[in-house]
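# Descriptive analysis of the structure
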Amino acid sequence: DTAVSQTPKYLVTQMGNDKSIKCEQNLGHDTMYWYKQDSKKFLKIMFSYNNKELIINETVPNRFSPKSPDKAHLNLHINSLELGDSAVYFCASSPGTGLTSPLHFGNGTRLTVT
Amino acid sequence: AQSVTQPDIHITVSEGASLELRCNYSYGATPYLFWYVQSPGQGLQLLLKYFSGDTLVQGIKGFEAEFKRSQSSFNLRKPSVHWSDAAEYFCAVGARSGGYQKVTFGIGTKLQVIP
């Protein structure tokens with residue numbers, strides 16, 4: 001059983017389109033995250049939710065809107081896609097919000113904007 | 001704000017040789033330190049972590065890391081590298097942000113293993 005699963009694995013779309021990435025975790029964790037990994041492999045946090053409540057919102061354009069319908073799901077919707085949005089997006093979860101809670105990552109969604 | 005520096009972008013070692021990947025951190029308080037590994041096309045997997053106590057920590061797959069406060073370092077080591085260890089390795093530091101965890105990653109070190 002996949003612990004943190006993301007769909008789709010690959011996403012190719014044109015500039016200006018709107019797209020969504022879905023994430024589900026079956027670990028029973030309370031906290032979920034979205035990370036963006038750019039072409040140089042730099043990994044940066046975008047959002048974090050704890051029990052469906054937004055707790056971390058880094059400096060991300062408001063074209064990006066996360067939604068957590070329940071604590072097992074965290075989706076990412078992106079409006080008006082731009083070339084610079086091309087990256088690998090990772091969903092992650094952790095048992096809690098404390099610093100001793102390790103992150104469990106999904107396998108990533110490679111987004112290519114043309 | 002916390003930060004992580006991984007000085008080596010790319011390292012090549014021979015199979016069976018020892019390995020040390022360097023990591024330096026910057027954080028004003030007691031750091032929470034992690035090493036993650038990313039295989040091609042995969043997400044990151046936790047190798048080991050340091051929170052307190054013994055400064056030499058053991059992880060999965062035969063890896064260990066040593067926390068040295070005086071050098072602000074948390075280097076990852078393995079005595080004998082296997083071909084399957086070829087991957088990208090990320091050092092990370094955890095810090096509180098508004099009472100919640102925020103993990104900051106280094107830019108990663110790509111490990112190549114030659115037969």
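The structure we're discussing is the one just above.
Below is a short write-up of the structure. Keep in mind that what you see is a predicted model, and the values were worked out from it rather than measured. (Residues numbered from 1 in each chain as written. Chains lettered and ligands numbered in written order. Predicted model: local features only at pLDDT ≥ 70, side-chain atom pairs only at ≥ 80, totals over all residues. Heavy atoms only, no water.)

## Here we look at the pairing of strand S3 (residues 19-25) of chain A
Residue and element names in this part refer to chain A. Relative to S3, strand S1 (residues 4-7) runs antiparallel, the two being bridged by four bridges. Considered in S3, the bridge of Ser 5 is made with Glu 24. Note: S3 against strand S8 (residues 73-78), four bridges, orientation antiparallel. Paired with Ile 21 across the two strands is Leu 76, which belongs to S8. (Pairing = 2+ DSSP bridges. Helix = DSSP H or I, 4+ residues; strand = E, 2+ residues; numbered from the N terminus.)

## Focus: the interface of chain A and chain B
Accessible area lost upon the coming together of the parts is a frequently used measure of interface size. Residue-level contacts link 23 residues of chain A with 22 residues of chain B. For the chain A and chain B pair, buried surface summed over both sides reaches about 2,100 Å², with 59% attributable to carbon and sulfur atoms. Inspection of the region where chain A meets chain B yields one salt bridge. Where the side of chain A that touches chain B is concerned, the elements lending two or more residues are strand S4 (31-37), strand S5 (43-50) and strand S6 (53-57) of chain A. Per element, the largest residue contribution to the side of chain A that touches chain B is three residues, and it comes from S4(A). Here the side of chain A that touches chain B is composed, by residue class, of 12 nonpolar, seven polar and four charged. (Contact = heavy atoms within 4.5 Å. Buried area = accessible area lost by both parts, 1.4 Å probe. Salt bridge = Lys/Arg side-chain N within 4 Å of Asp/Glu carboxyl O. Nonpolar A, V, L, I, M, F, W, Y, C, P; charged D, E, K, R; others polar.)

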